[in-house]
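# Secondary and tertiary structure notes
Next come the chains, spelled out residue by residue.
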Amino acid sequence: MKLSLNWLKEYVALPDDLTMDQLAYDLTMRTVEVEDTVDLDAQFDHIVCGKLLSVRPHPNADRLSVCQVDVGLAEPIQIVCGGSNLVEGHYVVVNLPGSKAVWHGEGEPVVIEETELRGLSSYGMISGSYEVGLQALFPAPEMHHIVDLTEEGLEGEVDLHPGLPLADALGLHDQILEIENKSITNRPDLWGHYGVARELSAIYHVPLKPLPEDVVPREEAYPVSIADADLCHRFLAAHYTGVCSKKSPLWLRSRLFRLDIRPISAPVDITNYVMLATGQPTHAYDADHLKGGLVARRAQDGETLELLDGKELVLSSENLVIADGEKALGLAGLMGGKHDSILPETREIVLEIANFDAANVRKTAQRFGVRTEASSRNEKGLDVDRVDPSFAVADQLIHELFPEAKRVAFSDVGEKHTTPVRIEVALAWLERRLGRDLSYARLEALLAPLGFFIEAEGAAEAEGERPLSILVPSWRATGDVSLPDDILEEVARMIGYENFSLKAPTVTLTHALNQRGETLTRRLMEYLAFSCGFQEITSYPWVRDESLALLEEDPATLLSLDMPPAPDQSVLRPSHLPNLMDAIVKNVRYFEAFSIFEVGQVYHRGASSPSSPDEVLPEMHRELAGAMVGQDAEALFYRLKGVLEGLGEAVQTTPLGFSREQKPAWEDRDGWLSIVLEGEVIGAMGLLSTRAKNALGLKFHDAALFAFNLDRLKPFDSRTNLFHHLPQYPHVFQDLSLLVDEETHFAALKDAVGSLAESVAFIDEYRGKQIPEGKKSVTLRVELASTEGTLTADEIDRRMETIKATLAEAGATVRNA
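So, here is what we can say about the structure in this document.

About the criteria used
Residues numbered from 1 in each chain as written. Predicted model: local features only at pLDDT ≥ 70, side-chain atom pairs only at ≥ 80, totals over all residues. Heavy atoms only, no water. Helix = DSSP H or I, 4+ residues; strand = E, 2+ residues; numbered from the N terminus. Rg over C-alpha atoms; globule rule 2.2 N^0.38 Å. Buried < 20%, exposed > 50% of the residue type's maximum accessible area, 1.4 Å probe, protein only. Contact = heavy atoms within 4.5 Å. Areas by Shrake-Rupley, 256 points an atom, 1.4 Å probe, with all protein chains shown as cover. Lys, Arg positive; Asp, Glu negative; His and termini not counted. Charge placed at Lys NZ, Arg CZ, Asp CG, Glu CD. 1 Å grid on protein atoms, 1.4 Å probe; cavity = no way out; pocket = protein on both sides within 12 Å on 5 of 7 lines; lining within 4 Å. Points joined across faces, edges and corners; volume = space filled by probe spheres on them. Nonpolar A, V, L, I, M, F, W, Y, C, P; charged D, E, K, R; others polar. Phe/Tyr/Trp six-rings, centres within 6.5 Å; stacked < 30°, edge-to-face > 60°. Lys NZ or Arg CZ within 6 Å of the ring centre and 35° of its normal. Core = buried A, V, L, I, M, F, W, Y, C linked by side-chain atoms within 4.5 Å. Axes fitted to C-alpha atoms, helices over the stretch in contact; angles between N-to-C directions. Parallel < 35°, antiparallel > 145°, perpendicular 65-115°, else oblique. Left-handed = near helix turned anticlockwise from the far one by under 90°. Pairing = 2+ DSSP bridges. Polar contact = N/O pair within 3.5 Å; in protein donor to acceptor, adjacent residues only side chain to side chain. Salt bridge = Lys/Arg side-chain N within 4 Å of Asp/Glu carboxyl O. Expected span 1.5 Å × (residues − 1).

## What about the overall build of the chain?
The helix and strand inventory of the chain stands at 21 helices and 40 strands. A compact globule built from 817 residues would reach a C-alpha radius of gyration of about 28 Å, whereas the chain, at 37 Å, exceeds it by more than 25%. Judged by the C-alpha coordinates and their principal axes, the chain covers about 115 × 90 × 60 Å. Going through the 817 residues of the chain one by one, you find that 50% of them count as buried. Looking at the chain alone, contacts between residues at least 24 apart form 70% of all its contacts between residues at least 6 apart. Surface accessibility of the chain: about 40,500 Å² in total, with carbon and sulfur atoms responsible for 49%. Across the chain, the mean location of the 76 positive side-chain charges is 3 Å away from that of the 128 negative side-chain charges.

Shown next as C-alpha cells:
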C-alpha cells in the first residue's frame, strides 16, 4: 500500500524537523513496516512545461518534426521530435538534458542528452506519457502521441508558463511511503490515510484533525434492503442528481495517480478518494440503469455477472451480490458490474457504502481470482461505524466537484455501530509484563490518542491488581484487539520497543540432550548438500492441482483446505514431488543442470495425535524428496541411484535397497525403482515420464526424482556399530564384461557372485553392433581379498574362473576382449 505524505499532513501537523528516514523508522517501530520512501520530485527533475513556438517537417526524415520550444530560457530551444500530435501554441512536456526518460516506455530510464538526429541538433525531448511515467494520468492512444497539456485542459487549472517544472504543474511535490501489506493484515484501521494519520498523531503527540461532520440526510427514503444480514451488516445508499461522468479536477487526478490509482471520471474518482482517505470502499451506480432500488442478497446458483474488467462469472448461493429488482449489479465488496456502474452518459448516481462479512469477501475473491483494492480492505473486517465518516467525505466531495448536485433520496439500513469490546486488565499486570513502572496517567496518555477509553473514576481505582475496564475503539473492535495481551502490545509499542532495556534471561545448563532423530536429519541434509551437490528448497505446504494430478493420488486420501490461497492450490501436499516439479520448471530457464531436495511434513486425510490425545491433527509424516535435472536421462538415473545407495553409510543408518514393486504414475515405464528398507517399500525413485514432462512443459531437460518416508529411517546406536579392521593385505580389483539377456538386472548378477568376492560394483552397460539383439554387455568390478596373505596371480586366476563359472550358470557369458 502507498501513502502520500502530503495527504497525511492534511490530517496531522507533523514536526517541521521530521525527516522521511525518521518518519519511516518511527512508523516501522511502532505501527507498520515501511518498505521504502520515494521522492517524486527526483523522478521529474529537469522536466518542464514547454510552449511549441513552431513545428516544421524534418528535411531528412518523413516522420520527424523540428520544433522550436520556449522552456523559459533566454532563447527558444530546438528539439527534433517524432510526435504525431504537435500543435503550435500548445504546451507540452519537455525533458531537458540531464533528466531521465524511458525510451518508448520500455526498459530502464536513461539520461537525456543534447544530441543530433538526422543532421539536426536536438536539445532534449518532447515526451509521451509512457516515457515519463504519466500513462495513468494521461493515457496515450498510440505510441507517438505526446502529452499535450493544453489539450488536457491544464491551462484552465494551472498557471502554465514556459519553464514551469512539471512537478509544480501536476502537483507532484510529494513523498510516497510504501507500506508492507503483510504488516497491516490484522489492522483494518490502517488501510486509509486517516488511520495512519491517527497513529502519527499518537506517536508525535500532535492533534488529529477531524473528518467532515456526519451528514444527517432528510430526503425521502431510497429503496434499500439487506436480504442476508450475516453477509451484509450495513447498507447505505444515496441518490444524487446533477452528477455527470466528467473528468476530475487536476488536484484529484494527481492525488490518485501518486498512489497508483488510475483516474477515470469524477464519480469513480470520488469513490476511490474516499477509500484511500478512510479505508472504506464505496461504489457508484448509474441511477438510470437501476430498477426498483438496491438489495444485498445471495446470488442464485448459476446466475451470471460481467464485472467492470470484462470478466464473466457464474455465481452460486455462496456469493453475495448487490442487485436491483431484476439482476445482479456487482460482486459485493469486490467489484461492480460492467453495465450498471458509471457510464459516459451518466447523469444521476446512486452511491453505495456498505459493510460486508470479511470471510465471505475473501472466499469469493479466492474462488474467482478477483483481487481489488476494495476486496483487500473489505476482507480485513471493517467496522460498521466507518460508514458515517466515509459518507461525510463523499458527500462533501460530490458537492465540491458538482455544485449543482442534489441529494434527492437516502437510506441507511442494518447495524449502525460495531459491537463494543471491553477488556479488563490490571495496571500491576501490565507492569509485570512490561518490566517497568506504569502509572495510571501514563497509561491513559498512551492509549487515549489511539482511541481507547479507560472506564475508571481516577488513579485510585487503578492501583494494584484491581482490573481496569478499557473500551476499545470501533475501528479496532472487529477482532484486532480482544485480549489483555493486545492492550499490553498497544502500550509497549507506543512506549517504543527500542526503549526497553535488555534483561538477559537466566539459563541453567544441565546435561546435553542427544536428539538422534534430529541429528540423522541434519546428516542427511549435509550429505545431500555437501557431498552430492544438492541445493535445499522450501516450498509452501499446499500444491498446484495440475502438478498434483501427475501423482494420480486417490482423492479420498487428500486433505483439502477450507480457505485455499488460490483456486488451483486447494490441497495440502501429500508429497514434496509436485512442488519439486514446479521448482524444476522455474529453474530450467536459468540452469542446464542442478539438483534440489526438500525435507518436511506431508499430509493425508485421517487423524493423529502426536503430542497429546486432545490435539487431533491430520495424518502426516516427514518426507525426504529430491530431484536431479540435466539432459542425459540415463546418467541422471544412475547418479541418483548412487546417491541413495551411499546414503546409509554416510549418515549411519540402515542402507537403502531397491526393487521393482509398484510403479508410481509419474515415473518412466523403464527407469524406475522402489526404495526398500528392511523389506518394506518406503518410497520410489525414477525418471519423469514423457507424459509428466509434457504436462510440465519440459522439452529439453530430463529429471530423476526420489521421495521416501523419512520417519522410517532410524539412526544406529553407537554401541551397535561394528568395527572393521583396515585390510592387512592388499585387495585386488578385476573387471568382467558379461553378455546377458536384456531383462537381466545388476542385482541378479551381484547375487550370483555372492560370497565369492568381497564386493561387486556396476561399471557400465553397452548396446551396439557387436551385441546380439536382445542382449546387452554389462561390466562389473569384482573385489578380491585374503586374510592369510597377499593374493598371487594363480590364486587370483582360480578365483576369477570360479566366479565366471558361477555367472555362466546364471546365464551370463564372459565377453572376450
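## With respect to empty space enclosed by the protein
Under the definition given, this model contains one cavity of 30 Å³ or more. Residue composition of the lining of the largest cavity, grouped by class: five nonpolar, one polar and no charged.

## Overview of the packing of aromatic side chains
According to the stated counting rule, one finds eleven aromatic pairs in the structure shown. With centroids separated by 6.0 Å and ring planes inclined at 90°, the aromatic side chains of Trp251 and Tyr273 adopt a geometry described as edge-to-face. Residue Trp251 is located in helix H6 (residues 250-258), and its partner Tyr273 is located in helix H7 (residues 266-278); the two are separated by 22 residues in the primary sequence. Look at Phe591 and Phe594: their rings are 6.3 Å apart centre to centre, the planes differ by 65°, and that puts the pair in the edge-to-face class. Residue classification places Phe591 among the partly exposed positions, given a relative accessible area of 44%. By the ring-pair criterion, three or more aromatic residues cluster together here, those being Phe637, Tyr638, Phe746 and Phe762. In this structure, Arg436 is placed above the aromatic ring of Phe500, and the distance from its NZ or CZ to the ring centre is 5.1 Å.

## Regarding the nonpolar core
Leu177, Leu200, Leu443, Ile487 and Val491 are the most contacted members of the largest nonpolar core, which totals 89 residues. Excluding residues within four positions of it along the chain, Leu443 makes contact with Leu427, Leu430, Leu438, Ile454, Leu468 and Val491. Ala237, Leu290, Leu294 and Met335 belong to the second largest nonpolar core, which has 35 residues in total.

## Quick look at the packing of helix H20 (residues 746-753) against helix H21 (residues 793-809)
Contact geometry for H20 and H21: axes closest at 9 Å, N-to-C directions at 130°. By the angle between their axes, H20 is oblique relative to H21. For the pair H20 and H21, the crossing hand works out as right-handed. Touching Leu749, Ala752 and Val753 of H20 are Ile803, Thr806 and Leu807, all from H21.

## Re the sheet that holds strand S39 (residues 775-784)
Strand order in the open sheet formed by four strands is S38-S39-S37-S40, with antiparallel pairing between adjacent strands. If you trace the sheet from one side to the other, it starts and ends with strand S38 (759-766) and strand S40 (813-814), each paired once.

## Re the pairing of strand S36 (residues 702-709)
The buried fraction of S36 amounts to eight of the eight residues, a majority that puts the element mostly inside the structure. Sheet topology note: the strand S32 (residues 617-630)/S36 ladder contains eight bridges and is antiparallel. Residue pairing in the sheet places Gly626 in a bridge with Phe706 of S36. Pairing geometry for strand S35 (residues 680-688) and S36, over five bridges, is antiparallel. Residue Leu687 lies in a different strand from S36, and its bridge partner there is Ala704.

## Regarding the side chain of Arg297
Tracing the backbone shows Arg297 in strand S17 (residues 294-298). Assessed through its relative accessible area of 17%, Arg297 is described here as buried. There is a polar contact of 2.9 Å between the side chain of Arg297 and the side chain of Glu303. What Arg297 contacts, discounting residues up to four positions off in sequence, is Ala227, Glu303, Asn319, Leu320, Val321, Ala323, Lys327 and Ala328.

## Points about the packing of helix H11 (residues 427-434) against helix H13 (residues 484-495)
Following both chains from N to C, one finds H11 and H13 inclined at 60°, their axes separated by 11 Å at the closest point. One finds that H11 runs oblique with respect to H13. As H11 packs across H13, the resulting crossing turns out to be right-handed. Along its contact with H11, which presents Trp429, Leu430, Arg433 and Leu434, the element H13 presents Pro484, Asp485, Leu488, Val491, Ala492 and Ile495. For the contact of H11 with H13, the per-class residue count stands at eight nonpolar, no polar and two charged.

## Here we look at the environment of Leu687
Along the chain, Leu687 falls in strand S35. Look at Leu687 and you get buried, because its relative accessible area is 12%. Separated by 13 residues in sequence, Leu687 and Ser674 place their C-alpha atoms 12 Å apart.

## Overview of the side chain of Ser201
Structurally, Ser201 can be placed in helix H5 (residues 193-204). Not counting residues within four places of it along the chain, the set of residues in contact with Ser201 comprises Val12, Val206, Pro207 and Leu208.

## Some details on the pattern of salt bridges
Any two side chains of opposite charge can pair, given that their charged atoms come close. On inspection of all chains with the given rule, the structure shows 46 salt bridges. Residue Arg377 pairs with Glu373 through a salt bridge whose shortest N-O separation is 2.7 Å. Here Glu373 and Arg377 lie together in helix H9 (residues 373-378), a separation of four residues that amounts to about one turn.

## Side note on H13
When the terminal C-alpha atoms of H13 are compared, their 17 Å separation across twelve residues agrees well with the 16 Å that a helix rising 1.5 Å per residue should span. Burial of H13 is extensive: nine of the twelve residues sit out of reach of the surface. Burial in H13 covers these residues: Asp486, Ile487, Leu488, Glu490, Val491, Ala492, Arg493, Met494 and Ile495. In this structure, the buried side of H13 is in contact with helix H2 (20-30), H5, strand S25 (421-426), H11, helix H12 (440-447) and strand S27 (467-472). Gly496 sits one or two residues past H13 and shows a positive phi near 105°.

## A few points about the environment of Ser570
When you line up the elements, Ser570 lands in the loop between helix H15 (545-549) and strand S30 (571-572). Remark: the alpha-carbon pair of Ser570 and Met29, spanning 541 residues in sequence, is separated by 36 Å. When neighbours within four sequence positions are excluded, Ser570 is seen to be in contact with Val543, Asp545, Leu559, Ser560, Leu561 and Pro564.

## Concerning unusual backbone geometry
A positive phi is found at Arg118, a non-glycine position, where the angle reads about 55°. Note that Arg118 resides in the loop between strand S9 (115-117) and strand S10 (120-122). Residue Arg118 is classed as exposed on the basis of its relative accessible area, which comes to 53%. Its identity is not glycine, yet Glu678 carries a phi of approximately 50°, on the positive side. Here Glu678 shows up in the loop between strand S34 (667-677) and S35. The exposure class of Glu678 is exposed, given its relative accessible area of 68%.

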